[in-house]
Amino acid sequence: MDPRDPRYAQWYAQWYYQTYGVPYQPPQPVQYRQPAPVPQRRVVRSVETQRGLGALGNSVHLLLTVLTCGLWLFVWAAWWIVRMVIPRRRVTRSYY
């Protein structure tokens, strides 16, 4: 029998039932999952206040930090020269 013949499906269902004892269930098409939806960009207006400093504030803070530390290093180096290079007064150990 030709599978293209419309009577073939009826004949096959009858043959299947006689052979296997259960009614023929034609194969169901595969149910694929729907693709995940592409998220839409949300337009959100920021109502939060700005935290931290801006670019100019960060630059000024960095400059002041560097200058302060540099000034302290300069003062410490001068004090070290005064204490280490210039000799101390000797204390008299012998008394008359």
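All values reported here derive from a predicted model rather than from experimental measurement. (Residues numbered from 1 in each chain as written. Predicted model: local features only at pLDDT ≥ 70, side-chain atom pairs only at ≥ 80, totals over all residues. Heavy atoms only, no water.)

### Description of the packing of aromatic side chains
Reasoning step 1: Counted by the stated rule, this structure contains nine aromatic pairs.
Reasoning step 2: Between Y8 and W11 the ring centres are 5.7 Å apart and the planes differ by 35°, which places this aromatic pair in the tilted class. Remark: W11 and Y8 occur in helix α1 (residues 7-20); sequence separation between them is three residues, near one turn of the helix.
Reasoning step 3: Among the residues examined, W11 registers a relative accessible area of 40% and is labelled partly exposed.
Reasoning step 4: Between Y12 and W15, the ring centres sit 5.5 Å apart and the planes meet at 35°, which makes this aromatic pair tilted. Taken together, the residues Y12 and W15, both in helix α1 and three residues apart, mark about one turn of the helix.
Reasoning step 5: On the basis of relative accessibility, which here comes to 35%, the residue W15 falls in the partly exposed class.
Reasoning step 6: An aromatic cluster of three or more residues is present, and its members are Y8, W11, Y12, W15, Y16, Y20 and Y24. (Phe/Tyr/Trp six-rings, centres within 6.5 Å; stacked < 30°, edge-to-face > 60°. Helix = DSSP H or I, 4+ residues; strand = E, 2+ residues; numbered from the N terminus. Buried < 20%, exposed > 50% of the residue type's maximum accessible area, 1.4 Å probe, protein only.)

### Points about α1
Reasoning step 1: Taking 1.5 Å of rise per residue, the 14 residues of α1 would be expected to cover 20 Å, and the 20 Å separating its terminal C-alpha atoms lies within 8% of that figure.
Reasoning step 2: Positioned one or two residues after α1, G21 has a phi angle of 80°, which is positive. (Expected span 1.5 Å × (residues − 1).)

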